[in-house]
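Analysis of the macromolecular model
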Amino acid sequence: MSNIIEIKNITKEFKVLNRREGLKGSLKDLFSRDYKIVRAVDNISMNITQGEIVGYLGPNGAGKSTTIKMMTGILEPTSGEILVDGCIPYKNRTRNAQNIGVVFGQRTQLWWALPLVESFKILKDIYGVTDKDYKDMLELYQSLVDIEPLLHKPVRQMSLGQRTLSDILAAFLHNPKIVFLDEPTIGLDVSMKAKIRTLIHALNKEKNTTVILTTHDMGDVDALCRRIVIIDKGKMLYDNDIEHLKGFFGYYRTLKIRVSGSLSETAEKIAAEFPEFSVSANDEWISVLVDEAKSTVMDVLSQLQKTYKIRDMQLEEISTEEVIKKIYEEGVK
Amino acid sequence: MKRKSLGFYFRIYRKILAQDLKSKMSYRADFIISTIGMIFTNVAGFISFWILFQNFPSINGWGYYEMLFLYGFSLIALTPVQCFFDNNWNLRMRVYSGDFIKYCFRPINLFFYFQSEVFDIKGIGQFLFGLGTLIYSWNMLGLGFSALMLLKMIVFLISASLVMIALQNAAASACFWMQNSFFVLDFINKMKDYAKYPVTIFSSIFRFIFTFVIPIAFIAYYPSLVILRPDEVPLLSWLSPIVALVFFFLSYKLWMFGAMKYNGTGA
Ligand SMILES: Nc1ncnc2c1ncn2[C@@H]1O[C@H](COP(=O)(O)OP(=O)(O)O)[C@@H](O)[C@H]1O
Ligand SMILES: [Mg+2]
């Protein structure tokens, strides 16, 4: 299989100006040499094949967006090589743009005042999509999500979730080879997240589109990606199957429950009952970090229910930060 | 990929424009209010002009109708910048918030794509008002009429508009280099109010500035001399189409250069 994206030892450094205050300061800034260097991406290499969905994971400020910006051609790497579909993105920005679709979560690229379908029609012209391909694509969309109510709604009247959904549909509209999704599920509720994950999955299946998905939500990765790449502070920590990662330290989820009675006392009792899991208590919630390799969350829950009166419960995926912490501690490669 | 043709851009623009107008019309109250506001702005501008002339029937050898001609000329010349390049006013906020990035993902010219987002319909009223003023003063001055004059008029109006567009592009692109750059655009915008006066009424320093530094004298004064005083047209008037083209091109390059630079290092 051929690589649609090849990245070899790329590094990106930003020169950040130490800004001055006020009008005089901003004039001085024009000539200032008072810089500090921020290394946002540090010597990263990877190859991605056509049709893959890659989860690009890392905490805030890890360098995910910067990597995406280099792949889309709006940033030039400080050093290293990058090829997207055989060409160098920053040297061929507009040509590269024809091959890719991009969604930057929470920043819509659609025309704010126009109904979605009108945005689609303009995009159809910009990308030179044929009438037939356009029609087929809309039919496909129709079969995957209920777009009818969205089509005639101006983007500015949409909820964040609807807007994200629309932006994703717009990114796939010209059937690009690669779609970059930068934190598409950030700030969305659970049901919208699920809807969007299903949509991305189906579009990838149907069109064999390569998807690079940036997120700090393990749930996204778990639902969509076989391969994950983790970066932190610009450096690559992990690039392998998600199963491989789970194999190393199981798969953790946090079960949170609220019980009647004293919080700390109950937490202590639960900790004694499940010595293999870490238990903590705060803000009226007792958290049990369950290693699903040892027993499932459902087992733990039903066990607890026998002894305690559970008033409320929540389930949380392990956070990226926790995964990264574990990688540092246990050295998974 | 081959370069996109002018026809391609024209089609895209027309499509965006048609949709934009449709959506603006659907907010009827908004539309009516801004139309009324536009009429008031123009009438107020005219009244202050008229009052000035009640006190000074002639300024430096320029009579009322000649001044009116300049006024109308400048209103028309300032229309395209108002209609088609108004998004320059939003550039700073887009850059500051980071939203500017969204314009960089399309396979079309970045400058075009950015400017095409906003069409300011208010410019049309200004255009009609300017046209009326121009025709009226033209008539009162008894300048006569010929096809050649009309052609000259169109060429010189276009170059005059290009100068203002160029000024605004250059001013707007300041935001790529500095924070709090609003004053630059604001300053240039205020300067354009002086475009409607003959540059000869200013002191020699300002005459120099308005010709060579912030060339607002090319928005009405120099180009309209070609029609207004055909016997004494200075070289600068004949040069104004070239000045306009060069200046516009440079401002476009500056804007694009700033945009690329901003992506590389910006906020
Ligand atoms: N244009 C820029 N100028 C200066 N520093 C930047 C710029 N873009 C990103 N950075 C810095 O680079 C680092 C990585 O940022 P980013 O790629 O946005 O991270 P992520 O998307 O993983 O949250 C951060 O420390 C950020 O402050
Ligand atoms: Mg980011």
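Basis of the calculations
- Residues numbered from 1 in each chain as written.
- Chains lettered and ligands numbered in written order.
- Predicted model: local features only at pLDDT ≥ 70, side-chain atom pairs only at ≥ 80, totals over all residues.
- Heavy atoms only, no water.
- Core = buried A, V, L, I, M, F, W, Y, C linked by side-chain atoms within 4.5 Å.
- Buried < 20%, exposed > 50% of the residue type's maximum accessible area, 1.4 Å probe, protein only.
- Domains from an automatic or database assignment.
- Contact = heavy atoms within 4.5 Å.
- Helix = DSSP H or I, 4+ residues; strand = E, 2+ residues; numbered from the N terminus.
- Arc of directions from axis to C-beta.
- Pairing = 2+ DSSP bridges.
- Axes fitted to C-alpha atoms, helices over the stretch in contact; angles between N-to-C directions.
- Buried area = accessible area lost by both parts, 1.4 Å probe.
- Salt bridge = Lys/Arg side-chain N within 4 Å of Asp/Glu carboxyl O.
- Polar contact = N/O pair within 3.5 Å; in protein donor to acceptor, adjacent residues only side chain to side chain.
- Left-handed = near helix turned anticlockwise from the far one by under 90°.
- Nonpolar A, V, L, I, M, F, W, Y, C, P; charged D, E, K, R; others polar.
- Patch = residues over 30% accessible without salt bridge, like charges linked within 9 Å, V, L, I, M, F, W, Y side chains within 5 Å.
- Areas by Shrake-Rupley, 256 points an atom, 1.4 Å probe, with all protein chains shown as cover.
- Phe/Tyr/Trp six-rings, centres within 6.5 Å; stacked < 30°, edge-to-face > 60°.
- Lys NZ or Arg CZ within 6 Å of the ring centre and 35° of its normal.

Section: the nonpolar core
Judged by nonpolar contacts, the single largest core of 170 residues is most densely connected at A:I5, A:F120, A:Y141, A:I230, B:F100 and B:W255. Counting contributing residues per domain, this core is built from domain 1 (3–246) and domain 2 (252–330) of chain A, each supplying no fewer than three. Discounting residues that sit within four places of it in the chain, A:I5 has contacts with A:M46, A:N47, A:I48, A:M71, A:L83, A:V84, A:I178, A:F180 and A:I212. Grouped together as the second largest cluster of nonpolar side chains are 15 residues, A:L255, A:I257, A:V290 and A:V300 included.

Details of helix 13 (residues 320–330) of chain A
Residue and element names in this part refer to chain A. For helix 13, the complete set of buried residues consists of T320, V323, I324, K326 and I327. Each buried residue of helix 13 lies within a common arc of 160 degrees when the element is viewed along its axis, so the set occupies one face. With respect to the buried face of helix 13, the exposed residues turned more than 90 degrees away are K325 and E329.

Observations regarding the sheet that holds strand 1 (residues 3–17) of chain A
Residue and element names in this part refer to chain A. Here three strands make up an open sheet; going across it, the order is 2-1-4 and the pairing antiparallel. Each edge of the sheet is formed by a strand with only one pairing partner; in this case those strands are strand 2 (35–49) and strand 4 (79–84). Direction aside, neighbouring strands of the sheet carry axes that sit 25 degrees apart on average. Contacting strand 1, strand 2 and strand 4, helix 2 (residues 64–72) crosses the sheet at an angle of about 120 degrees to strand 1.

Re the side chain of A:K256
Structurally, A:K256 is set in strand 10 (residues 252–259). For A:K256, the contacting residues outside a window of four places in its chain are A:W285, A:I286, A:S287, A:D312, A:M313, A:Q314 and A:E316.

What to know about the domain arrangement of chain A
Residues and elements named next belong to chain A. Split by domain assignment, chain A resolves into domain 1 (3–246) and domain 2 (252–330). With 14 residues of domain 1 at the contact, the number on the domain 2 side is nine residues. Surface buried jointly by domain 1 and domain 2 totals about 850 Å² across both partners, of which 74% is contributed by carbon and sulfur atoms. The interface formed by domain 1 and domain 2 includes zero salt bridges. Counting across the domain 1 and domain 2 interface gives zero residue pairs in polar contact (both at pLDDT 80 or more). With three residues, the top contributor of residues to the side of domain 1 that touches domain 2 is strand 8 (residues 227–232).

As for the packing of helix 2 (residues 28–55) of chain B against helix 7 (residues 122–141) of chain B
Residue and element names in this part refer to chain B. Relative to each other, helix 2 and helix 7 sit at 35 degrees, their axes nearing to 9 Å. Here helix 2 runs over helix 7; the crossing is right-handed. Taken together, the residues of helix 7 that come into contact with helix 2 (itself represented by S34, M38, N42, V43 and F46) are K122, G125, Q126 and F129. Partitioned by chemical class, the residues of the contact of helix 2 with helix 7 number four nonpolar, four polar and one charged.

What about a nonpolar patch on the surface?
A cluster of nonpolar residues, B:L235, B:W238, B:L239, B:I242, B:V246, B:F249 and B:L250, forms a patch on the protein surface that exposes about 710 Å² of accessible area. Summarising the element assignment, B:W238 is placed in helix 12 (residues 235–265).

Quick word on the interface of chain B and chain A
Between chain B and chain A, the contact holds 33 residues from the first and 35 residues from the second. Interface area for chain B against chain A, summed over the two sides, is near 3,300 Å², with a carbon-plus-sulfur share of 60%. The three residues of chain B that bury the most area against chain A are B:F105, B:R106 and B:P107, which together make up 20% of that side's buried surface. Taken together, the links from chain B to chain A amount to two salt bridges. Across the salt bridge formed by B:D99 and A:R107, the nearest N and O atoms sit 2.9 Å from each other.

Re the packing of aromatic side chains
For the structure shown, the criterion picks out 39 aromatic pairs over all chains. Judged by centre distance (6.4 Å) and plane angle (40 degrees), the rings of B:F46 and B:Y71 are tilted. Within this pair, whereas B:F46 is found in helix 2, its partner B:Y71 is found in helix 3 (residues 64–77), the two being separated by 25 residues in sequence. Among the aromatic residues, those joined into a cluster by ring pairs are A:W111, B:F85, B:F100, B:Y103, B:F111, B:Y113, B:F114, B:F176, B:W177, B:Y252, B:W255 and B:F257. Above the plane of the ring of A:W285 lies A:R258, whose end atom (NZ or CZ) is 4.9 Å from the centre. In this structure, B:R229 is placed above the aromatic ring of B:W62, and the distance from its NZ or CZ to the ring centre is 4.2 Å.

Here we look at the environment of B:S224
All names here are of chain B. Along the polypeptide, S224 turns up in helix 11 (residues 221–228). Each C-alpha atom, one on S224 and one on E66, is 9.8 Å from the other, the two residues being 158 residues apart in sequence. Contact partners of S224, with chain neighbours within four places excluded, come to F69, L70 and F73.

Notes on the environment of A:I168
All names here are of chain A. Here I168 shows up in helix 7 (residues 160–172). Expressed as a C-alpha distance, the spacing of I168 and E330, which sit 162 residues apart in the sequence, is 37 Å. Leave out the neighbours within four places in its chain, and I168 touches V103, L181, P184, I196, L199 and I200.

Points about the sheet that holds strand 13 (residues 310–317) of chain A
Residues and elements named next belong to chain A. The strand order across the open sheet built from four strands is 11-12-10-13, with neighbouring strands paired in antiparallel fashion. Edge positions in the sheet fall to strand 11 (278–282) and strand 13, since each of these pairs with one other strand and no more. Across the sheet, the mean angle from the axis of one strand to that of its neighbour is 20 degrees, orientation sign disregarded. Note: strand 10 against strand 12 (residues 285–291), six bridges, orientation antiparallel. Looking at the pairing, R253 lines up with V290 of strand 12.

Some thoughts on the pairing of strand 3 (residues 53–57) of chain A
Residues and elements named next belong to chain A. Within strand 3, five of the five residues are buried, which leaves it mostly tucked inside the rest of the structure. Burial of strand 3 is two-sided: the residues I53, G55 and L57 facing one way and the residues V54 and Y56 facing the other way are all buried. The sheet contact formed by strand 3 and strand 7 (residues 210–215) spans five bridges and is parallel. In the sheet register, Y56 faces strand 7, and the bridge partner there is T214.

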